[in-house]
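Spelled out, the chains give:
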Amino acid sequence: MSLTRRQFIRNTAAAAAVAALYGSGTAAAVKALDGSLTWGKAPCRYCGTGCGVLVGVRNGKVEAVAGDPDCSVNKGLLCVKGYHLPAMLRGKDRLTHPMLRKGDSFQQISWDEALDLVARKYSQALQQHGPDSVAMYGSGQWTIPEGYAALKWFKGGLGSNNIDPNARLCMASAVVGLVSTFGADEPMGCYDDLDKADVYVLWGNNMSEMHPVLFSRILARKRKAAHVKIIDITTRRTPTSRYADTVMLMKPQGDLAIANGIARWLLVNDRVDHEFVESFCTFRAGKTNIGYGTEDHFKFKDKARPLSFREYRELLEPYTPEKVEELSGVPAAQLVALARLFGSSHMRIMSLWCMGMNQHVRGTWINNLVYAIHLLTGKIGIPGSTPFSLTGQPSACGTVREVGTLAHALPGGRVVANAQHRAEAEKIWKVEPGTINPVPGTHAMAMFRALDRGDIKVMWVQVTNPWITIPNLNRYREGKRKNRDSSFIVVSDIYPTPTTELADLVLPSAGWVEKEGVFGNSERRTQQWDKLADPPGEARPDVWQTVEVARRMGYKELFPWSQQLEKNLFEEYRLFTLGKGKDLAPYETYRKVPGLRWPVVDGKETPYRYVAPWDPYAAKGKRIDFYSAGKTDHRAVIWARPWEPPAEEPDSEYPFWLCTGRVLEHWHTGSMTQRVPQLHRAMPGSYCEIHRDDANRLGIVPGSSVKLTSRRGSIVLPVAIDKRGSAAPGLVFVPFFDENLPINELTLDAFCPLSKEPDYKKCAVKVERA
């Protein structure tokens, strides 16, 4: 597409103030509108919001970006990272050629040599050690064709289920929470709810920094309606807290008590929507005291038992406002005030969360409990009333969750343990019955433990940086080093990282609009883009790399297409979605629109699932139809889940909580955003946020450094006191974007036994002056 000067200036006007603060490429683009830029469209490369981006290209390089006013997600606005997307591609140290380790250095080799080597290593491992000896660690940044090709190669070719993504570290609890409650993954609401709610409850969600474009829609709603409230449930004051009407400062793990306390208050005060509950819900309880997954070979399987309404109420009885205050630190009056809002029949309430709830040793439980509150009050399936899990990567939903690039999954909500699901996949893939292994593979944490033990011989890492993001990092870094001669690691990336430093073979990848692709965002929106720019040197798309290796291993029949690879992979994947309530439109349709929310039936998208007339699969004449919950007779499950303590708590030796997280300017490990000069200047390095009273007691002053120590490692960081955020007493916060200050050397590799997602928000440390 092309834009006139008038159109471009109008489209970028809303973003001019933000762009000026950081000197973005957008401002430069306004001066460059001499007709030499060719414009295209693509979704943003960063978080799971799915902002539409106008991309200006000259001579094969991205020169400018602007928010796409035709995309309903962002309506022409971008965040500061989005405005600097061109610079993300321009780092001077882009990887441009395949590089093979020779001792302690790397040597350039050809693509044919590299691909033949990868194929040979996988073939040898399979022959000598079997399918459990190979692995692939992918990403929520994979495009849909990339993830689908990797999944098909592994599960339909190699007979191995050892494929799992970095999204296991950020949204697995959301997945299991949805599946265990509604019978299927992905939210029923959409971003339209952001413009219609009366109350926004942010459960451990620093939305103003992590999802700023979506948060701007909440603020716009608040400006227009004086009664609108924002409730911030948090362990530390963040920039989001400044906009909140109420800040509920809680102890780590206190969210379990808060959610149970709200549910109890609703029952005791008869603020339950009984008609809704009786018609559309059922009650269940699962196992308790379920462990934390810290030991190798940890296994857990929940066992649900039915409850009556009376039994459910009895299980909630301990969670009085006073008991919740004791467990969570939140004043009883604040708890009751929030419960009253949920219990108000005229208030539309939207619950929003991301990693604060998901990265949790009881992450599935807290997801279940928030859904329970909405189900008890009937505040679900109504515009402006919905529970909504946000995602932190551009296609964690579309690729990981829907394509199924998880150790237990197959495309379109299927699982490898189900014989019918395996047969359906084998038919679409045209492979022999019995090809797909019925035993789930190793999830992310189990995969890196297996690599540490020497059980995995070959692993391919694509589009992620695990040797910064994996908790208890020292163990897994040393595990690779001690097994250097017995394991082979391939890493595909666009820049050198601590992960490429440990690799045996490094492959240069094309980034963002240097390739064609499809993403799926948090609101079930599928977004396609065409290749708009040229990758540097010999860098190639990840999907090409995967397919070329598969073909060299003899799996040409899995990838028979000689051209239009991305389109053909998508169209085959689409077959898995049709008739399942997950229907996708034909590939060419997405070329014409800024995305569509599935299911897409007869050309129409679905803003709200489970509710007619929006959802064509929902039974007409019913208030709601949880048709995915076939095992519970189309009833959503209200789970009884108790408060349980975290895996590790402060004590006399390690008296502080450590919480990790992200910042506005940088994305995840910073391997892209740290190379953007403006973003790096705005936030050049990591820091330790500590409460002023704790700093005074320890003799720590602004401008000094502290040494943090856990049972797993130590690190020295500069101090931040009452700057962007403010830590609660007894807690320190450290962001994880800085590769030079890897905070995950201190974190604990405990995880939710149901979702297998690690808890990055709670471990014990001591703080000393450095």
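Keep in mind that what you see is a predicted model, and the values were worked out from it rather than measured.

(A) Structural view of helix H19 (residues 419–429). Residues of H19 that are buried include every one of Arg 422, Ala 425, Glu 426, Ile 428 and Trp 429, and no others. The arc that holds the buried residues of H19, viewed along the axis, is 165°, so those residues lie on one side. Among the exposed residues of H19, those pointing more than 90 degrees away from its buried face are Gln 420 and Lys 427. Against helix H7 (144–158), strand S16 (409–410) and helix H25 (565–575) lie the buried residues of H19. For H19, the capping residue at the N-terminal end is Asn 418, with a side-chain oxygen 2.9 Å from the backbone nitrogen of Gln 420. One or two positions beyond H19, positive phi appears at Lys 430, with a value near 60°.

(B) Inspection of the side chain of Ser 671 at higher detail. Looking at the element boundaries, Ser 671 is found in the loop between strand S25 (656–661) and helix H27 (677–682). The exposure class assigned to Ser 671 is buried, which follows from its relative accessible area of 13%. The residues touching Ser 671, leaving out its near neighbours within four places in the chain, are Tyr 495, Thr 497 and Glu 739.

(C) Spatial organisation of the pattern of salt bridges. On inspection of all chains with the given rule, the structure shows 57 salt bridges. Ionic pairing is found between Asp 504 and Lys 480, a salt bridge with its closest N-O pair at 2.9 Å. Here Lys 480 lies in helix H22 (residues 473–482) and Asp 504 lies in the loop between helix H23 (498–502) and strand S20 (505–508), a separation of 24 residues in the sequence. Residue class for Asp 504 comes out buried when judged on its relative accessible area of 7%. Close ionic contact of Lys 762 with Asp 759 constitutes a salt bridge, the shortest N to O distance being 2.9 Å. Each member of the pair Lys 762 and Asp 759 is classed as buried. Several salt bridges share partner residues, and in doing so they unite Asp 296, Asp 452, Arg 453, Asp 455, Arg 475 and Lys 482 into one network.

(D) Broad picture of the packing of helix H11 (residues 254–268) against helix H17 (residues 363–377). Interaxial distance between H11 and H17 falls to 9 Å at its minimum, and their mutual angle equals 20°. The angle between H11 and H17 places the two elements in the roughly parallel class. H11 and H17 meet at a crossing whose hand is left-handed. The residues of H17 that touch H11, namely those facing Asp 255, Leu 256, Ala 259, Asn 260, Ile 262, Ala 263, Leu 266 and Leu 267, are Trp 365, Ile 366, Leu 369, Ile 373, Leu 376 and Thr 377. Of the residues contributing to the contact of H11 with H17, the split by class is eleven nonpolar, two polar and one charged.

(E) Spotlight on the state of the cysteines. A full pass over the atoms with the stated rule returns zero disulfides. The thiol of Cys 170 is unpaired, and the distance to the nearest cysteine sulfur, on Cys 354, comes to 7.0 Å.

(F) View of the nonpolar core. Phe 182, Trp 203, Ile 258, Ile 262, Tyr 312, Met 459 and Phe 626 are the most contacted members of the largest nonpolar core, which totals 94 residues. Excluding residues that lie within four positions of it along the chain, Ile 258 makes contacts with Trp 203, Ile 233, Met 248, Met 250, Val 324, Ser 328, Val 330 and Leu 335. Of all hydrophobic cores here, the second largest spans 60 residues; its members include Val 490, Val 518, Leu 565 and Ala 585.

(G) Local environment of unusual backbone geometry. At the junction of Trp 598 and Pro 599, the peptide bond is cis and its omega measures out at 0° in the coordinates. Along the chain, Pro 599 falls in the loop between strand S23 (596–597) and strand S24 (636–640). With an omega dihedral of 5°, the bond running from Ala 612 to Pro 613 counts as a cis peptide bond. Structurally, Pro 613 is set in the loop between S23 and S24.

(H) Molecular detail of the packing of aromatic side chains. Counted according to the given criterion, the structure contains 28 aromatic pairs. Ring geometry for Phe 519 against Trp 529: centres 4.7 Å apart, planes inclined by 55°, an arrangement best described as tilted. Highlighted residues: Phe 519 in strand S21 (residues 517–520) and Trp 529 in strand S22 (residues 525–529), separated in sequence by ten residues. For the pair Phe 519 and Trp 529, a shared accessibility class is recorded, and that class is buried. The cationic tip of Lys 152 hangs over the ring face of Phe 559; the distance from NZ or CZ to the ring centre is 5.5 Å. In this structure, Arg 524 packs its charged tip against the face of Trp 598, placed 5.8 Å from the ring centre.

(I) Focus on the sheet that holds S25. Strands sit in the order S25-S30-S26-S28-S27-S31 around a closed barrel of six strands; the barrel is mixed. Taken pair by pair, the neighbouring strands of this sheet meet at an average axis angle of 45°, ignoring direction. In the sheet, strand S26 (residues 688–690) pairs with strand S28 (residues 714–720) via two bridges, with the strands oriented parallel. Pairing of Cys 688 across the sheet is with Val 719, part of S28.

Conventions adopted
- Residues numbered from 1 in each chain as written.
- Predicted model: local features only at pLDDT ≥ 70, side-chain atom pairs only at ≥ 80, totals over all residues.
- Heavy atoms only, no water.
- Buried < 20%, exposed > 50% of the residue type's maximum accessible area, 1.4 Å probe, protein only.
- Helix = DSSP H or I, 4+ residues; strand = E, 2+ residues; numbered from the N terminus.
- Arc of directions from axis to C-beta.
- Contact = heavy atoms within 4.5 Å.
- Polar contact = N/O pair within 3.5 Å; in protein donor to acceptor, adjacent residues only side chain to side chain.
- Salt bridge = Lys/Arg side-chain N within 4 Å of Asp/Glu carboxyl O.
- Axes fitted to C-alpha atoms, helices over the stretch in contact; angles between N-to-C directions.
- Parallel < 35°, antiparallel > 145°, perpendicular 65-115°, else oblique.
- Left-handed = near helix turned anticlockwise from the far one by under 90°.
- Nonpolar A, V, L, I, M, F, W, Y, C, P; charged D, E, K, R; others polar.
- Disulfide = S-S within 2.5 Å.
- Core = buried A, V, L, I, M, F, W, Y, C linked by side-chain atoms within 4.5 Å.
- Phe/Tyr/Trp six-rings, centres within 6.5 Å; stacked < 30°, edge-to-face > 60°.
- Lys NZ or Arg CZ within 6 Å of the ring centre and 35° of its normal.
- Pairing = 2+ DSSP bridges.

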